[in-house]
Amino acid sequence: MKKILIVCLGNICRSPTAEAVLKAKAIERGINIEIDSAGTISNHRGKSPDKRSQAAGERRGYSFEGIVSRPVNTNDFEYFDYILAADQQNKSDLLVQCPPQYAHKIALFLEFSGVEESEIPDPYYGGEQGFELVLNLLEKASDQLLDKIG
Ligand code: 4NP
């Protein structure tokens, strides 16, 4: 079974949303993969996803049940097959932490999925439309990712 870790900065907006969307789409297709998410910072450790992310995702039918923020740890680089970053900064931060033998596992989520955009913009300091954009990008990328690895 393939194992995927999705990583953003705080693990309260983009990567938990990615986890919820990708899990739902994998279940819909009957694809058995392990999906988790984490942040490059630990400031929000133990917290549920941001209320705005949850509200936007739940309006589209996604569940955030059981998702709790945690920072990336060293074991993640060995354990997961693919470690997919939301933006370039997240990817650079991961590469700093990652033992060199696992660096090939790290990519941008959108580039890896094959959609034309490369970064998932951080919605944290913006308005509601930022959260909708995150969902639009993640739905498109998750479909393509599952076409590719499913
Ligand atoms: P995320 O969003 O990386 O998509 O979870 C953010 C969460 C927290 C902060 C910034 C972005 N922050 O500055 O605490």
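Notes on the structure in this doc start here.

Rules and cut-offs
Residues numbered from 1 in each chain as written. Predicted model: local features only at pLDDT ≥ 70, side-chain atom pairs only at ≥ 80, totals over all residues. Heavy atoms only, no water. Buried < 20%, exposed > 50% of the residue type's maximum accessible area, 1.4 Å probe, protein only. Helix = DSSP H or I, 4+ residues; strand = E, 2+ residues; numbered from the N terminus. Polar contact = N/O pair within 3.5 Å; in protein donor to acceptor, adjacent residues only side chain to side chain. Contact = heavy atoms within 4.5 Å. Near = heavy atom within 4 Å. Areas by Shrake-Rupley, 256 points an atom, 1.4 Å probe, with all protein chains shown as cover. Nonpolar A, V, L, I, M, F, W, Y, C, P; charged D, E, K, R; others polar. Salt bridge = Lys/Arg side-chain N within 4 Å of Asp/Glu carboxyl O.

**Describing helix H2 (residues 51–59)**
Move 1: Every buried residue belonging to H2 is among Ser 53, Gln 54, Ala 56 and Gly 57, and all of these are buried.
Move 2: The residue sitting at the N-terminus of H2 and contributing the capping side-chain oxygen is Asp 50; that oxygen lies 2.8 Å from the backbone nitrogen of Arg 52.
Move 3: Looking at the residues trailing H2, positive phi occurs at Gly 61, about 95 degrees.

**As for the environment of Glu 78**
Move 1: Residue position: Glu 78 is located in helix H3 (residues 74–79).
Move 2: Each C-alpha atom of the pair Glu 78 and Asn 90 lies 18 Å from the other, and the pair is 12 residues apart in sequence.
Move 3: Among all residues touching Glu 78, those that are not within four sequence positions of it are Tyr 102 and Lys 105.

**Describing the site of the ligand**
Move 1: Cys 8, Leu 9, Gly 10, Asn 11, Ile 12, Cys 13, Arg 14, His 44, Asp 122, Tyr 124 and Tyr 125 make up every residue found near the ligand.
Move 2: In this structure, an oxygen atom belonging to the ligand sits 3.3 Å away from a main-chain N or O atom of Asn 11.
Move 3: Its free accessible area being 350 Å², the ligand has 91% of it covered by the protein chains.
Move 4: By residue class, the composition of the shell around the ligand is 6 nonpolar, 3 polar and 2 charged.

**Here's the deal with the pattern of salt bridges**
Move 1: Here the structure, examined in full by the defined rule, presents 15 salt bridges.
Move 2: Asp 76 serves as the salt-bridge partner of Arg 70, at 2.9 Å between the closest nitrogen and oxygen.
Move 3: Where Lys 140 meets Glu 117, a salt bridge forms, and the shortest distance between an N and an O atom there is 3.2 Å. Pair noted here: Lys 140 is in helix H6 (residues 128–149) and Glu 117 is in the loop between helix H5 (109–113) and H6, with a separation of 23 residues, a long-range link.
Move 4: A relative accessible area of 27% means that Glu 117 is categorised as partly exposed.
Move 5: Linked by salt bridges that have partners in common, Arg 59, Arg 60, Glu 128, Glu 132 and Glu 139 make up one network.

**Some remarks on the side chain of Asp 87**
Move 1: Structurally, the position occupied by Asp 87 is in the loop between strand S3 (82–85) and helix H4 (88–97).
Move 2: Of the residues examined, Asp 87 reaches a relative accessible area of 12% and is grouped as buried.
Move 3: Separated by 3.1 Å, the side chain of Asp 87 and the backbone nitrogen of Gln 89 make a polar contact.
Move 4: A polar side-chain atom of Asp 87 sits 2.8 Å from the main-chain amide nitrogen of Asn 90.

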